[in-house]
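Breakdown of the fold
Read off the chains here:
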Amino acid sequence: MAHVGSSLTRRGFLTGAAATAAGGLLAGGMLAGCAPQEKAPADQKGAAGASEADLSAEVRQAPSKLNPQSDDYRGNTTDLATLFSGVRIGSLELSNRMVKSAAGSDTQGNEDEIVAYYRSFAQGGIDLVWMEDCADKYEHFPNARAQSMDKVPFERIADAIHEEGAYVGYQISCMGIAFSGTQKDSSGQFASAVAGDLTREEIGLVVADTVSAAKTLKDKGFDAVEINAAGNNLGQSFFSRMRNHRDDEYGPQSFENRARLVCEMIQGIKEACGSDFAVQVLINGIEENDQALGDSSLMTTVEENLEIAKMLEAAGADSLHVRLGPLGMHVCQFASDLYFTGYGIDGTTAYGTQFDFSRHWQGKLISEYSGCGMMLDVAREFKDAVSIPVGTVTYMDPAHAPDLFEAALAEGKVDFLLMNRPLTVDPQYANKLKEGRIDEIAPCTRCLHCHFDYDEEGNTYEHCRVNACTQRAFRDDMPEGFDLPPVGTVKNVMVVGGGPAGMEAARIAALRGHNVTLYEKNGAVGGLLDFASTVKGPHENLSDLRSYLARQLEVAGVDVVTGTEVDASFIADQKPDAAIIAVGGVRDTLELSETTGTKVIPLPDFLTAEIGSEVTIVGSNAQAVDAALYLMAQGKHVTMVTPDSMDQFDKGQSNWVKTFVKPMLLARGMRIWPHAEIVSVGDGEVTIAGETGAEITLSCDAVIEAMDMLPNPSLGEETYGIEVHVVGDAAKPWNIAEAIAAGNLAARAL
């Protein structure tokens, strides 16, 4: 049987990718593909000198122009000397400037997993590993969503990190704690009322409980604590003029008052734990109202936060962790690069509006690099205001942009980089970077599957798109943990298909010691990654992922054969011991005939097709939504017709990407018709029918077939006499994350 999946799903891909690359996705902040319209004759132009067509296109493209992006920030001409120089945080001496921030991936339910998870960062070259708050540590203010202190293996975690020569710290937060007067549940949305509702006695108890928790952690082997005084935490509610309405010495009448609570925590911890026990404070470096855009008179300014920072330093804080402070979207406090999710909608707030970064956030954010290093200039202001080390977060990824981050450190904008996602994707990140193996670092694709995501059945999970071990190691799918299981018998393994699933399967099988040959029908590996990168734009680093996986095939010693179509007889002739079938899925067709005025275009061909201004996309999965964003950035009017319900919109995409993309699509005028289908194609129009009960005719120059991909298991079913695994979209189409995981697990099972 022919390698059907590739031929159907990649049709026109090579020419499409080449054409797009030639034109460039971004040129001076303008989206390529927005071909200039012919100028209207002078007598058809209005007083402003532009035709109605020109003005219409200009309006539709405005979101893609508001925050122009640069593609020239990823230079790599540095030796990273400053990045790999030492920095001192209190009594802690670090050999480099990369610090693991306090964020986890739901590892608390398995002792072996959580210990191995934190050990891995220290093994990978990180000298200070912060652990996120997961314990019910406040005696007087219980947290219903956290486990008791004695249930967390603190001693084992501390010992594991110390064995690798690194330090360990713990973040103390108040998220989810119910204080008197608020009596909220464990949602964490209590802080707006806390500052005013706490009695003087309760303030004393909060401070005492914080100090007690820090002392317990020190006794269990921890070297430091971080007081989370940002976001919806207690400290921020006292810092804030919006949230603090007290009229006593903890009120907003002075900076000393606003900082008093957190200063008392710092002083108490130092007294109880000693001066060599490091205390870091996490604060909002700058705030903005994302819910009611521009209504920010009560949001805390950088200048206010600088005065508060001075108070914290005077109280004994050893370092500061400054991050973004949006009013509504908590996730953007540490993953504010979500504001750049979605092609052509840079600055999306997740509320259907769009930041103007030249004005919002006091115009102080670095906004032209797709969210990379956003807070570096703000961090510089803190550096100038205090003498203690300052770190910041949000896609601090020196492997992604070496010159940018090395310069920021060398120029004194920041002392250390707080990192999470890049290290979770590749725990060996720091070691590889130091050894000059930057092309072997697995890239974070900023998909946010790792944070409160949901599977097909709606169950919460937090898997990494690239690192299949996340939330699988030490569990049913991967009981052996992070390490690869040893090979019992070396096998000759054939992998058919060079997409993400096939490349990951070949990589893992070869690293385990099998002899692996990968066959790809096309002229190069990558599958649909290049197509996806073109449609999505550069934000998700999918071209980096393709390059990484291709490089891994070389490193692991996989024999890659391209330009070869594989069928069952070919497999039989080669006589492998095992075959992993990763040929991709196939897409259904509407079987509609196009007309002179309305084309019918398969999804893989839409990049190179001539498409008019009115486009109907059939389907509402992640690929359909990505296509809609791409086309709307070109000034197209897009309508979506889908057999699915609205709650299935953008299925396969991460929950957070969906959260930010959907409101902007709707606000920009895309109409979604759920439970609907096209019943006929006319000349320049289509007629749809659905749950309205009436047929509706829409203007339409092109129909794009973006229905759900279908499985393609036939090659596996036709292969006999050997061990066969069908993986990725060939078995169960969903998304890149699940395809990579399927390839990884199949190779572990050989």
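The structure reproduced in this document is the subject of the present report. (Residues numbered from 1 in each chain as written. Predicted model: local features only at pLDDT ≥ 70, side-chain atom pairs only at ≥ 80, totals over all residues. Heavy atoms only, no water.)

Notes on the side chain of H539
Applied cut-off: Helix and strand labels come from DSSP, where a helix needs a run of H or I of at least four residues and a strand needs a run of E of at least two; each type is numbered from the N terminus. The contact definition used throughout considers only heavy atoms, calling two residues in contact when any of these lie within 4.5 Å.
Inspection of the secondary structure puts H539 in the loop between α16 (529-536) and α17 (542-556). Ignoring any residue separated from it by four or fewer positions in sequence, one finds H539 in contact with D337, F340, T341, S370 and R446.

Considerations on the packing of helix α9 (residues 255-273) against helix α10 (residues 302-315)
Here is the rule: All axes here are fitted lines through C-alpha atoms, helices being fitted over the stretch that makes contact, and every angle between N-to-C directions spans 0 to 180 degrees. In this scheme the handedness of a crossing depends on how the near helix is turned from the far one: anticlockwise by less than a right angle means left-handed, clockwise means right-handed.
The geometry of α9 relative to α10 is characterised by a closest axis approach of 9 Å and an angle of 35° between their N-to-C directions. The crossing of α9 and α10 is right-handed. Facing F255, E256, R258, A259, V262, C263, I266 and Q267 of α9, the residues of α10 in contact are E304, E307, I308, M311, L312 and A315.

Some thoughts on the state of the cysteines
Stated formally: Here, a disulfide means two cysteine sulfur atoms that sit within 2.5 Å of each other.
This model, assessed by the stated rule, comprises zero disulfides. Between C469, a free cysteine, and C464, which holds the nearest cysteine sulfur, the sulfur-to-sulfur gap is 9.5 Å.

A short note on helix α11 (residues 376-385)
Our working definition: Residue burial is assigned from relative accessible area. The probe radius is 1.4 Å, only protein chains are included, and a residue is buried under 20% of its type maximum, exposed over 50%, and partly exposed in between. The arc refers to the directions leading from the helix axis to the C-beta atoms.
Every buried residue belonging to α11 is among L376, V378, A379 and F382, and all of these are buried. Projection of α11 onto a plane perpendicular to its axis shows the buried side chains occupying an angular sector of 155°, all on one side. Looking at the buried side of α11, the elements it contacts are β11 (278-288), α10, β12 (319-326), β13 (390-392) and α12 (402-410).

Looking at α10
Threshold: What a helix is expected to span follows from its residue count: subtract one and scale by 1.5 Å.
Over its 14 residues, α10 extends 20 Å from the first C-alpha to the last, a length consistent with the 20 Å expected when each residue adds 1.5 Å. For α10, every residue scored as buried is listed here: V302, E304, N305, L306, I308, A309, L312 and A315. For α10, the elements touching its buried residues are α8 (234-239), α9, β11, β12 and α11. Immediately downstream of α10, the backbone of G316 shows phi near 120°, a positive value.

Some words on the sheet that holds strand β28 (residues 696-699)
Basically, it comes down to this: Between any two strands, at least two bridges found by DSSP are needed for them to pair.
Taken in spatial order, the three strands of this open sheet run β26-β27-β28, and their pairing is antiparallel. The two strands at the open ends of the sheet, each matched to only one other strand, are β26 (677-681) and β28. The mean angle between the axes of side-by-side strands here comes to 35°, regardless of whether they run parallel or antiparallel. In the sheet, strand β27 (residues 685-689) pairs with β28 via four bridges, with the strands oriented antiparallel. Bridge pairing in β28 places V686 opposite L698.

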